[in-house]
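# Remarks on the overall topology
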Amino acid sequence: MKAPTDLENLTDFFDRYGSALTRGDVAAVAGCYALPGMVVADSYSFTFTSPAAVALSFLGASPAYREQQIVAAHAQIRDVQRLSAALAMVAVEWEYLDSCGAAVPGERYRYLIRADADGPRITTVIATPRN
């Protein structure tokens, strides 16, 4: 049996997550999170304790993607650090494609992932700016 945080499972998970983000499917995005969850950046942090709170925090993402004509998001997994049988810290660089097929620079994040019988879920997102 494969570990729930192996590269194949994580790739599938981030493919689903990226697809939900670019489709504006906030219910599917919310389903990718373990609760409670947290987002941390240099100038802010916030937590959410319900699927509705996760969905609400992503409502603005879809219009922003449409404005930039982003139609696809691909997660390039840069590093996976297994912390325990259920936890992994995953470094991801997002690559976006616009409606013309051109690459759009993406963001970098570290995701603390918890895996259980239902698969991987994001517990914490840490924004990691480009250097």
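Residue positions are given per chain, counting from 1 as you read along its sequence in written order. At least 70 in pLDDT is required for a residue's local features to be given in this predicted model, at least 80 for side-chain atom pairs to be given and counted, and no such filter applies to totals for whole chains, interfaces and linings, which use all residues. With hydrogens and water stripped out, all remaining heavy atoms of the structure feed into the side-chain values.

### Considerations on the environment of D12
Worth spelling out the cut-off: For helices the rule is a DSSP run of H or I covering at least 4 residues; for strands it is a run of E covering at least 2, with both sets numbered from the N terminus onward. Only protein chains enter the accessibility calculation, which uses a 1.4 Å probe. A residue is then buried if its area is under 20% of the maximum for its type, exposed if over 50%, and partly exposed in between.
Position of D12 among the secondary structure elements: in helix 1 (residues 7-23). Accessibility expressed as a relative area gives 38% for D12, which makes it partly exposed. Here the alpha-carbon distance between D12 and A75, two residues 63 residues apart in the chain, equals 9.8 Å.

### Let's talk about the side chain of D98
As a reminder of what qualifies: Any pair of N or O atoms that falls within 3.5 Å is considered a polar contact. Within protein, one atom must be able to donate a hydrogen and the other to accept it, and sequence-neighbouring residues count only if both atoms are side-chain atoms. By the convention used here, residues are in contact when the closest approach between their heavy atoms is within 4.5 Å.
Note on placement: D98 falls in strand 4 (residues 87-98). In this structure the side chain of D98 is engaged in a polar contact, spanning 2.9 Å, whose partner is the backbone nitrogen of A102. Excluding its chain neighbours within four sequence positions, the residues that come into contact with D98 are Q68, Q69, I70, V71 and V104.

### Description of helix 1
An α-helical turn contains 3.6 residues, so any two residues separated by three or four positions project in the same direction. Basically, it comes down to this: Helices are assigned an expected span. That span is 1.5 Å times one less than the residue count.
With 17 residues, helix 1 should cover 24 Å at 1.5 Å per step; its first-to-last C-alpha distance of 24 Å lies within 8% of that length. Of all the positions in helix 1, only L10, F13, F14, Y17, G18, A20, L21 and T22 are classed as buried. Just past helix 1, the residue G24 takes up positive phi, approximately 75°.

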